[in-house]
Amino acid sequence: MSGIARHLFGVLVLVLSAQAVFAQEPSVTVGSKKFTESVILGEILTQLAATTGAEVEHRSELGGTRILWSALKRGEIDLYPEYTGTISKEILQAGDAATINEIRDALKAEGMIVSEPLGFNNTYILGMKKDLAEKRGIRRISDLARHPDLRFGFSNEFLDREDGWPGLRRDYALPQRDVRGMDHDLAYRGLAAGSIDIVDLYSTDAEIEYYGLLALEDDRAHFPRYDSVIVYRDDLEGRAAEVVTAISALEHAITAADMIAMNAKAKVENVPESRIASEFLGRHLGMQTDRRDVGAWERFWIHTVEHLFLVAVSLAGAILIAIPLGVIAARFSRVGQAILGTVGIIQTIPALALLVFMIPLLGIGAAPAIVALFLYSLLPIVRNTYAGLHDIPRPIVESAIALGLSPSQRLRLIELPLAARSILAGIKTSAVINVGTATLGALIGTGGYGQPILTGIRLDDVGLIMQGALPAAGLALLCQAAFEIAERRFVSKGLRIKAG
Amino acid sequence: MLSSPVIELEQISKAFGATQALDRLDLHVEAGQTSVLIGPSGCGKSTLLRVLVGLIEPDGGTATFEGTTITPQSVHALRRRMGYVIQEGGLFPHLTATENVVLMARQLGWPEPKWRSRLGELAELTRLPTDALGRYPIELSGGQRQRVSLMRALMLDPHVLLMDEPLGALDPMIRFELQVELRAIFRRLGKTVLLVTHDLDEAGFFGDFIVLLRNGRIEQRGTLEELVNEPRNEFVRAFVNAQRSTVAPLREDPRP
């Protein structure tokens, strides 16, 4: 064997053996919802699973129950922390609260396994400021029926859920009409500011103490138990039995007081979830765990790359598809109306809804977000391509025909260059909208500038929100500037200079 | 002189909605002649040129160009033997004067020395200043634009020039200057020209023959003298009188 060949062989052996090593280490993905307690539990699970030597990834802050459940079914995550009440009402859609054994059996049929309870019940409760409750003489939820003027601010999930507001209103015959849906974390601020009177709370929320709230007694036992459990795919036992054993250490190990304390650390003291998790594991389970703290600049860089990736791929796809669609629309008026109508309708679908629609098809992460952003980018480009071509003066088009240019020559040499400015303006619009909309991708696990915004809203941390919002705004401005330069490159000077 | 007609129209009709733009019109144009189409607005004179260049398909009748029937299939090849100039020039605003003129030649694969030398010839012929060649249409004067437009039409050395009011948008001084130059060019090149105008004076100045149209039909075809002295009907007389009332009596050729 020659020297080079020997080297190559050596590299090959290294690569293969490295792959063999990776193949032996099971890779496990933990998911968590976009509220702090779920993120902390997700982080605890991640660090615990990693003690077995498995490759563990934590996809944190993935929207709500439906997103997590679809991701679990599709195998994009292997496990996540959930609550029994949520499983019975939201996932199983059982009329009455199911017992944990009924839940176990039902999920087994779906290929999912439910752990023993972790030890605390985080049910929904209603809360209001103590002084207001005292003044009005309210202690129990049934007391609210006598105060129809109270303003309710509920999390959007609570408003929709069968065990949330719809069922609560029925069971207690509540007369209130001023009921607003808002982000859970924003609701606390509304309460503190006095713009709403009653919010839905989780019983382990740190804010109950922090804001001096009274948790109203559920005197008609409306809310089912929300015992914290771990849900995992049944194939995990075969793939990573040590991980399943490791996480079982959490069963009956977390009390409500533990959880409230951990939530308070995150939300009141702004301690990173990874540190809270490792401290908990060290103190209660005597475990040393690795936690990876990522520096601010590294995080900024990761978010920038993630964000640019979403925008660049979706925009490039949109340009490739939308310009030909615009050309077709301009050439054939009947097909054109259909094309413009269709892309117009796509634009009216709310971004969040479109993202959620994509999950059953494409799962979570970048793929559904890119498809959604791609779809949103179509309209401005198609419309501007169409308009740019359509607005070319008739005599110019006729001169090109009379000169003997073929249809494809006309398109390439005359029509597209004349429409270039309009097409570029369309792409610019798409790019700027894209940069903004891509922040929503964080809800389905794409990362990007939406991640600090999401975490910042959750932790009520304006600085963190700015870490996402400012770069996103900066990127939008940068796009704008880039397209101004592109205009100089792609739009003929003959079209840019003004007459006279 | 018996030469075969370059353009033959037989029973050509074209309607736009209720308007009959061309009504079973017959017209023969001999090689080397300059024929001027004239008539009131909507008489069909521009439509006739657009039928020839294939921008409009007639409802009925046959149009033949150098022995080939003009159809949507055949017209593409025929266009290279026609030069078409319109009122505003129809120059491509994103291309310089030179790029406009040589566009088609380059598409046909002419080597650069060949199109450059042809460009030079045409600039000389149309007396376009050299520095105007690098400018965009928006940077050119109206007269320069029409010179460039004529250069573009002549680039492939077509047999026929079809000109739809080529001087219609120019102010009178430049228009007069260009009329003189244009006629000199026509004579020098010996091309067959079909020119549309609404100005009888201009028609008489350019045309070997004048074709007076109304409602898509030919009212009279002849020299200016024939139209003036032997009008075939009342419309011809009225049209000639209306146009000539402010103009001095017919001159042979008072211009240099």
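Computed from a prediction, not measured in an experiment: that's the story for all the values here.

Notes on the packing of aromatic side chains
All names here are of chain A. Counting across every chain of the model gives 18 aromatic pairs over all chains. Relative to Trp165, the ring of Phe152 lies with its centre 5.4 Å away and its plane at 85°, an arrangement referred to as edge-to-face. Of this pair, Phe152 sits in strand β6 (residues 152-155) while Trp165 sits in helix α8 (residues 165-172); the two residues are 13 residues apart in sequence, bridging distant segments of the chain. Each member of the aromatic cluster is reached from another via a ring pair, and the members are Phe35, Tyr83, Tyr124, Phe152, Phe154, Phe158, Trp165, Tyr202, Phe223 and Tyr226.

Observations regarding the environment of Ala246 of chain A
Residue and element names in this part refer to chain A. Mapped onto the elements, Ala246 comes out in helix α12 (residues 241-247). A sequence separation of 252 residues divides Ala246 from Lys498, and the C-alpha atoms of the two residues are 73 Å apart. Once you skip the residues sitting within four places of it in the chain, Ala246 turns out to touch Leu48 and Thr52.

Considering the sheet that holds strand β8 (residues 192-196) of chain B
Residue and element names in this part refer to chain B. What the 6 strands build is an open sheet, ordered β6-β7-β8-β3-β9-β10; its pairing is mixed. A strand with exactly one partner marks an edge of an open sheet, and here the two such strands are β6 (82-85) and β10 (217-222). The mean inter-strand angle of the sheet, taken between neighbouring strand axes irrespective of direction, is 15°. Of the strand pairs in this sheet, strand β3 (residues 34-38) and strand β9 (residues 209-214) are connected by 4 bridges, and their pairing is parallel. Note that in β9 the partner of Ile38 across the bridge is Leu212. Sitting on the sheet, helix α5 (residues 142-154) is in contact with β6 and β7 (160-164), with an inclination near 160° to β6. Each of β3, β7 and β8 touches helix α6 (residues 172-189); the most contacted strand, β7, lies at about 160° to it.

Re the interface of chain B and chain A
At the interface, 22 residues of chain B touch 24 residues of chain A. The interface formed by chain B and chain A includes 2 salt bridges. One salt bridge in this structure joins Glu139 of chain B and Lys493 of chain A, with 3.9 Å as the shortest N-O distance. Counting the contacts that link chain B with chain A gives 6 residue pairs in polar contact (both at pLDDT 80 or more). Residue composition of the side of chain B that touches chain A, grouped by class: 12 nonpolar, 5 polar and 5 charged.

Describing the side chain of Glu165 of chain B
All names here are of chain B. Locating Glu165 in the fold gives a position in the loop between β7 and α6. The side chain of Glu165 is buried and forms no salt bridge, while Lys45, the nearest opposite charge, is found at 4.3 Å. Once residues lying within four places of it in the same chain are set aside, the contact partners of Glu165 are Lys45, Ile86, Gln87, Val196, Thr197 and His198.

Remarks on α8 of chain A
Residue and element names in this part refer to chain A. Turning to α8, its buried residues number three or more, namely Trp165, Gly167, Leu168 and Tyr172. The arc that holds every buried residue of α8, seen down its axis, measures 160°, which confines them to one face. In this structure, the buried side of α8 is in contact with β5 (124-129), β6, α7 (156-160) and β7 (179-182).

Some words on the confidence of the model for chain A
Scored by pLDDT, chain A comes out at a mean of 87, with 93% of its residues at no less than 70. The low-confidence segment residues 11-23 of chain A (pLDDT under 50) makes 1 contact with residues lying over four places distant or belonging to another chain.

Describing the sheet that holds strand β9 (residues 213-215) of chain A
Residue and element names in this part refer to chain A. Read across the open sheet, the 5 strands follow the order β7-β6-β8-β5-β9; overall the sheet is mixed. Each of the sheet's edge strands pairs with one partner strand only, and the pair in question is β7 and β9. Each adjacent strand pair in this sheet contributes to an overall mean axis angle of 35°, direction not counted. Note: β5 against β9, 3 bridges, orientation antiparallel. Looking at the pairing, Met128 lines up with Leu214 of β9. Of the strands in this sheet, β5, β6, β7, β8 (198-202) and β9 are in contact with helix α9 (residues 184-193), which crosses β8 at around 135°.

Criteria and thresholds
Per chain, residues are indexed from 1 in the order of the written sequence. Just so you know, chain letters begin at A and ligand numbers begin at 1, following the order they were written in. Local features are withheld for residues below a pLDDT of 70 in this predicted model, meaning they are given only at 70 or higher, and side-chain atom pairs are given and counted only at 80 or more; totals for whole chains, interfaces and linings count all residues. The basis for the side-chain values is all heavy atoms of the structure; hydrogens and waters are excluded. In summary, the pairing rule links any two rings of Phe, Tyr or Trp, Trp by its six-membered ring, whose centres are within 6.5 Å, and it sorts them by plane angle into stacked for under 30 degrees, edge-to-face for over 60 and tilted for everything else. Strands are runs of DSSP state E lasting at least 2 residues, helices are runs of H or I lasting at least 4, and numbering of each runs from the N terminus. Should any heavy atoms of two residues lie within 4.5 Å, those residues are counted as being in contact. Whether two strands pair comes down to DSSP finding at least two bridges between them. For helices, the fitted line uses only the C-alpha atoms of the stretch in contact; every axis is such a line through C-alpha atoms, and the angle between N-to-C directions lies from 0 to 180 degrees. Take a side-chain nitrogen of Lys or Arg and a carboxyl oxygen of Asp or Glu: if they are within 4 Å of each other, that pair is a salt bridge. For the purposes of these results, a polar contact is taken to be a pair of N or O atoms within 3.5 Å, where, inside protein, one atom must be able to donate a hydrogen and its partner to accept one; residues adjacent in sequence count only when each atom of the pair is a side-chain atom. We call Asp, Glu, Lys and Arg charged. Ala, Val, Leu, Ile, Met, Phe, Trp, Tyr, Cys and Pro are nonpolar, and the rest, Gly among them, are polar. Note on classification: 1.4 Å probe, protein chains only; a residue is buried when its accessible area is under 20% of the maximum for its type, exposed when over 50%, partly exposed between these limits. Two residue types count as positive, namely Lys and Arg, and two as negative, namely Asp and Glu; His and chain ends fall outside the count. Note that the arc is computed from the directions linking the helix axis to the C-beta atoms. pLDDT is defined as a per-residue confidence score from the predictor, taking values between 0 and 100.

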